[in-house]
Amino acid sequence: MVRALAILLAQLATAPIVSETVETGERRLVDLKTFECRDITRSTVLQRVCYDRTRQDLIVAAHGTYDRYCGVTADTVERLLGAPSMGQFFNQNIKREVTAGRYACETHERVQRS
């Protein structure tokens, strides 16, 4: 038993780390290696939330489609994850149609490069 466990741990330690990549609704590939992802089971709108705290990038799987939102503060993500209705919070505070592009990535990327 101990030997089998040692072999398994050795195999895991030598296995290559494969980063997950998702395609967003804008047909962009995003590597999730710097993101912390959570599968969501208590929402009918959101299936997954991934957040890169350093870059303030949020990737959300809603209705089966991944979308990226930039410039989202950690506080906003915490409020999303703790909301009684995550879908309602997302639709009212983050979704592009409601925020008039506040979290559009192209705008934030231009500002950061300047």
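In this report, the structure presented in the accompanying data block is examined. The shown structure was predicted, so the numbers you read here are calculated from the model rather than taken from an experiment. (Residues numbered from 1 in each chain as written. Predicted model: local features only at pLDDT ≥ 70, side-chain atom pairs only at ≥ 80, totals over all residues. Heavy atoms only, no water.)

### Section: the nonpolar core
Then, in step 1: Grouped together as the largest cluster of nonpolar side chains are 20 residues, with contacts concentrated most on L46, V49, L58, Y69, L80, F90 and I94.
Then, in step 2: Those elements that provide at least two residues to this core are β4 (46-52), β5 (57-62), α2 (74-82) and α3 (86-93).
Then, in step 3: When residues in this core are grouped by element, the largest group, 4 residues, is from α2.
Then, in step 4: In this structure V49 touches E36, C37, R38, I40, L58, I59, L80, L81 and M86, once residues within four positions along its chain are discounted.
Then, in step 5: Counting 8 residues, the second largest nonpolar core, distinct from the first, contains V30, C50, I59 and A61. (Core = buried A, V, L, I, M, F, W, Y, C linked by side-chain atoms within 4.5 Å. Buried < 20%, exposed > 50% of the residue type's maximum accessible area, 1.4 Å probe, protein only. Helix = DSSP H or I, 4+ residues; strand = E, 2+ residues; numbered from the N terminus. Contact = heavy atoms within 4.5 Å.)

### Some points on the packing of aromatic side chains
Then, in step 1: All told, the structure shown has 1 aromatic pair when counted by the stated rule.
Then, in step 2: For the ring pair Y69 and F90, a centre distance of 5.8 Å and an interplane angle of 85° mean the geometry is edge-to-face. With Y69 in strand β6 (residues 65-70) and F90 in helix α3, the pair connects residues that are 21 residues apart, well separated along the chain.
Then, in step 3: Owing to a relative accessible area of 3%, Y69 belongs among the buried residues under this scheme. (Phe/Tyr/Trp six-rings, centres within 6.5 Å; stacked < 30°, edge-to-face > 60°.)

Coordinates in, geometry out; function isn't part of it.
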